Amino acid sequence: AQSVSQHNHHVILSEAASLELGCNYSYGGTVNLFWYVQYPGQHLQLLLKYFSGDPLVKGIKGFEAEFIKSKFSFNLRKPSVQWSDTAEYFCAVNKLAGGSYIPTFGRGTSLIVHP
Amino acid sequence: DAGITQSPRHKVTETGTPVTLRCHQTENHRYMYWYRQDPGHGLRLIHYSYGVKDTDKGEVSDGYSVSRSKTEDFLLTLESATSSQTSVYFCAISSGQNTEAFFGQGTRLTVV
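All residue numbers here refer to positions counted from 1 along the written sequence of the relevant chain. Key to labels: chains lettered from A, ligands numbered from 1, both in the order written. Totals for whole chains, interfaces and linings use all residues, but because this is a predicted model, local features are given only for residues with pLDDT of at least 70 and pairs of side-chain atoms are given and counted only at 80 or more. Derived side-chain values reflect all non-hydrogen atoms in the structure, with water molecules and hydrogen atoms excluded from consideration.

A. Up close: the overall build of chain B. Along chain B, the regular secondary structure elements total zero helices and 11 strands. If you list the helices and strands of chain B from N to C, you get β-β-β-β-β-β-β-β-β-β-β. C-alpha atoms define the radius of gyration, and 2.2 Å times the number of residues to the power 0.38 defines the globule rule. Scaling as 2.2 N^0.38, a compact globule of 112 residues should have a C-alpha radius of gyration of about 13 Å, and chain B matches this with 13 Å. Projected onto its principal axes, the C-alpha positions of chain B cover 40 × 30 × 25 Å. Helix numbering and strand numbering both begin at the N terminus, where a helix is a DSSP run of H or I of at least 4 residues and a strand a DSSP run of E of at least 2.

Below you can see the structure in the form of C-alpha cells.
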C-alpha cells in the first residue's frame, strides 16, 4: 500500500506564481514528515521537516508546509516561485517497520518554472 | 553535505554480468539505504541496513543483494544485471532516530 501520495505529478508555473503541492500519507500513529528537493542532475536534499509542535513549518528558500492531522496532509507551499525552484519535489514519511525507521517517498512532483 | 560517497558514478554493463555499487559514509550513522529512482516511480527502497551485518529487504529487492561488513560501507550487488535494472541508484544514511535522511550523489547504471 502506498504510504505517501502526491497528487500533482507535473506542475508548470511562471515566475512569481504561487505554488502548492499536495501530499497525503496513510500511516497511523506518530509521523515525522518531510519534503525533499532534487535539483536537475543532483541528489535529494532536505527542504523542511515536521516532527511536532507548530503545524506550520518553514524551510529553506521560502518554502513552508502545513501539517493537517485530520486530513493526513502535509502540503508544500511557496508564495512566489523563482526559475531556480525548477526541480523535483518529494514528500516522505519515516515508516516504522520492524523497529527501524524507513524513509518512504511519494512518487514526486516535477516543477518547471518559466522565467 | 553529509559525507556520503557513491562509486562508481556512472556505469554501463552488459546483461547477465554481476555489478557492485559501493556507498561509503564518514558520518558513523547506523542506518544505510539503497534506493532506485525511475521516472513515475519516485524512490523505491531496495535494501537497508540497521547495523553491521544487519540488513533487510525493501519493496524491490528481487535481483539485488547487499552486504555491510563495516559501519561505513554498504554494498549493493546486482547478481545478474538485466535491462530492467537500468536506473539511478541512490544511497542514503540516517541516524535512525526518526530523523531525516542524507543522500549520496547517485550512480547512473545502464544495462545493455
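B. Representation of the packing of aromatic side chains within the structure. The rule is short: rings of Phe, Tyr and Trp, with Trp giving its six-membered ring, pair when the centres are within 6.5 Å, and they are stacked under 30 degrees, edge-to-face over 60, tilted in between. The final tally for this structure, using the stated rule, is 19 aromatic pairs over all chains. Taking 6.2 Å as the distance between ring centres and 45 degrees as the angle between the ring planes, the aromatic pair formed by Tyr48 of chain B and Tyr50 of chain B counts as tilted. Given a relative accessible area of 5%, Tyr48 of chain B falls into the buried group. Among the aromatic side chains, those forming a connected cluster through ring pairs are Phe34, Tyr36, Phe51, Phe90 and Phe105 of chain A together with Tyr31, Tyr33, Tyr35, Tyr48, Tyr50, Phe90 and Phe103 of chain B. A 1.4 Å probe rolled over the protein chains alone gives each residue an accessible area, and that area as a share of the maximum for its type sets the label: buried under 20%, exposed over 50%, partly exposed in between.

C. Up close: the interface of chain A and chain B. Note on contacts: a residue pair qualifies if any of its non-hydrogen atoms lie within 4.5 Å across the two residues. At the junction of the two partners, chain A supplies 22 residues and chain B supplies 21 residues. Accessible area that two parts lose when put together, with a 1.4 Å probe and added across both, is what the buried area reports. Both sides together, the interface formed by chain A and chain B hides about 1800 Å², and carbon and sulfur atoms give 53% of it. A carboxyl oxygen of Asp or Glu within 4 Å of a side-chain nitrogen of Lys or Arg is what we treat as a salt bridge. At the surface where chain A touches chain B, the tally comes to one salt bridge. With a shortest N-O distance of 3.0 Å, Lys49 of chain A and Glu100 of chain B are connected by a salt bridge. Under this definition, polar contacts are N or O atom pairs within 3.5 Å; protein pairs additionally need one hydrogen-donor-capable and one acceptor-capable atom, and for neighbouring residues in sequence, both atoms have to be side-chain atoms. Our count for the chain A to chain B interface comes out at eight residue pairs in polar contact (both at pLDDT 80 or more). Considering each element in turn, the side of chain A that touches chain B owes the most residues, five residues, to strand β11 (residues 100-105) of chain A.

D. Main features of the side chain of Ser94 of chain B. Residues and elements named next belong to chain B. When you line up the elements, Ser94 lands in strand β9 (residues 87-94). At 3.0 Å, the side chain of Ser94 forms a polar contact with the side chain of Tyr33. Those residues in contact with Ser94 that lie beyond four places of it in its chain are His29, Arg30, Tyr31, Tyr33, Glu100 and Ala101.

E. Inspection of the state of the cysteines at higher detail. In this description, the term disulfide denotes a pair of cysteine sulfurs within 2.5 Å. Inspection of the entire model under this criterion finds two disulfides over all chains. Across the disulfide from Cys23 of chain A sits Cys91 of chain A; the S-S distance is 1.9 Å. Looking down the S-S bond of the Cys23 of chain A and Cys91 of chain A bridge, the torsion is -70 degrees, so its handedness is left-handed. On the criterion of sequence distance, the pair formed by Cys23 of chain A in strand β4 (residues 23-25) and Cys91 of chain A in strand β10 (residues 87-97) is long-range, its members being 68 residues apart. Accessibility assignment for this pair places Cys23 of chain A and Cys91 of chain A in one class, buried. Between Cys23 of chain B and Cys91 of chain B runs a disulfide, and the two sulfur atoms are separated by 1.9 Å. Disulfide Cys23 of chain B to Cys91 of chain B: torsion about the S-S bond roughly -70 degrees, handedness left-handed. Here Cys23 of chain B is found in strand β3 (residues 19-25), whereas its partner Cys91 of chain B is found in strand β9, with 68 residues between them in sequence.

F. Spotlight on the nonpolar core. Definition used in this section: a nonpolar core is a set of buried Ala, Val, Leu, Ile, Met, Phe, Trp, Tyr and Cys residues joined via side-chain atoms within 4.5 Å. Judged by nonpolar contacts, the single largest core of 29 residues is most densely connected at Leu19, Leu33, Trp35, Leu48, Phe74, Leu76 and Tyr89 of chain A. Those residues in contact with Tyr89 of chain A that lie beyond four places of it in its chain are Gln6, Leu21, Trp35, Tyr36, Val37, Leu47, Phe63, Leu76, Gly108, Thr109 and Leu111 of chain A. Val19, Val66, Phe74 and Ala81 of chain B belong to the second-largest nonpolar core, a separate cluster that totals 19 residues.

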